[in-house]
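Observations on the three-dimensional arrangement
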Amino acid sequence: MPQSLAHIALVVRDYDEAIAFYVEKLGFELVEDTYQPEQDKRWVIVKPQGKGTASILLARASNEDQAKYIGDQAGGRVFLFLRTDDFWRDYSDYVDKGIEFIREPKKADYGTVAVFKDLYGNLWDLVEFTDGRD
């Protein structure tokens, strides 16, 4: 049975600041932003430009327990992996836009990679694979 990952929920403090970061700084596409009155929430979906199918649900924390995980959803490990077809183009663009890289670019046997923080501190790999892996 074919399956694919549809959405990854990312707990955020504020919808609009998260949208601004992902769309304006990372260049993601805003796929949907729909108010859900029955839950007093918004259904906000962003995704990287390109042919990938996975997207991120920007989920505003609805209580203090959820809020304590904003920026630390993976316990300090790299949480998300952003694949690019041109590492140096995207790396330079992100540096110009003030994205904080906490691990400088390095060549590895699988490609070129660097680690950056999103607006809340979640860690991401920016990676261009050169060994054929997805």
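Below: a short report on this structure. Every value quoted in this text rests on a predicted model; they were computed, and no experiment measured them.

Scoring rules and cut-offs
Residues numbered from 1 in each chain as written. Predicted model: local features only at pLDDT ≥ 70, side-chain atom pairs only at ≥ 80, totals over all residues. Heavy atoms only, no water. Pairing = 2+ DSSP bridges. Helix = DSSP H or I, 4+ residues; strand = E, 2+ residues; numbered from the N terminus. Axes fitted to C-alpha atoms, helices over the stretch in contact; angles between N-to-C directions. Contact = heavy atoms within 4.5 Å. Core = buried A, V, L, I, M, F, W, Y, C linked by side-chain atoms within 4.5 Å. Buried < 20%, exposed > 50% of the residue type's maximum accessible area, 1.4 Å probe, protein only. Phe/Tyr/Trp six-rings, centres within 6.5 Å; stacked < 30°, edge-to-face > 60°. Arc of directions from axis to C-beta. Polar contact = N/O pair within 3.5 Å; in protein donor to acceptor, adjacent residues only side chain to side chain.

As a further point, take the sheet that holds strand 6 (residues 101-108). Spatially, 5-8-7-6 is the arrangement adopted by the 4 strands of the open sheet, whose pairing is mixed. Taken across any chain shown, the strands that pair with only one partner, and hence form the sheet edges, are strand 5 (78-83) and strand 6. Taking each pair of neighbouring strands and ignoring which way they run, the sheet shows an average axis angle of 20°. Where strand 5 meets strand 8 (residues 123-129), 5 bridges bridge the pair, whose relative direction is parallel. Across the sheet, the residue bridging to V78 is L123, located in strand 8. Its contacts with the sheet put helix 3 (residues 87-96) on strand 5, strand 6, strand 7 (111-117) and strand 8, and the angle it makes with strand 6 is roughly 170°.

This brings us to the nonpolar core. Among the nonpolar cores identified, the biggest contains 28 residues, and Y22 and L58 are the most heavily contacted of them. Elements represented by at least two residues in this core include exactly strand 1 (7-12), helix 1 (15-25), strand 3 (41-47), strand 4 (55-60), strand 5, helix 3, strand 7 and strand 8. Top element by residues in this core is helix 1. It accounts for 5 residues. Ignoring any residue separated from it by four or fewer positions in sequence, one finds L58 in contact with L10, V12, Y15, A18, I19, Y22, V44 and V46.

For the coordinates displayed, the defined rule picks out 12 aromatic pairs. Arranged with centres 5.7 Å apart and planes meeting at 45°, the rings of Y22 and F28 form a pair that is tilted. We classify Y22 as buried; its relative accessible area is 0%. Overall, F28 belongs to the buried group, its relative accessible area being 4%. Joined through ring pairs, the aromatic side chains of F21, Y22, F28, F87, W88, Y91, Y94, F101, F116 and W124 make up one cluster.

An order of 1-4-3-2 is seen for the 4 strands of this open sheet, with the pairing classed as mixed. Of all strands in the sheet, those with a lone pairing partner are strand 1 and strand 2 (29-36), marking the two edges. Mean inter-strand twist for the sheet, computed between neighbouring axes without regard to direction, equals 25°. Two elements, strand 3 and strand 4, share 3 bridges in a ladder whose sense is antiparallel. By the bridge assignment, V44 is partnered in strand 4 with L58. Together, strand 1, strand 2, strand 3 and strand 4 form the strand contacts of helix 1, whose direction differs from that of strand 3 by roughly 10°.

Let us now look at helix 1. Along helix 1, the positions that sit buried rather than exposed are Y15, A18, I19, F21 and Y22. End-on view of helix 1: buried residues confined to an arc of 165°, all on one side of the axis. Against strand 1, strand 2, strand 3, strand 4, strand 7 and strand 8 lie the buried residues of helix 1. Regarding helix 1, its N-cap is D14, as a side-chain oxygen of that residue lies 3.0 Å from the backbone nitrogen of D16 further along. At the exit of helix 1 stands G27, carrying a positive phi of roughly 80°.

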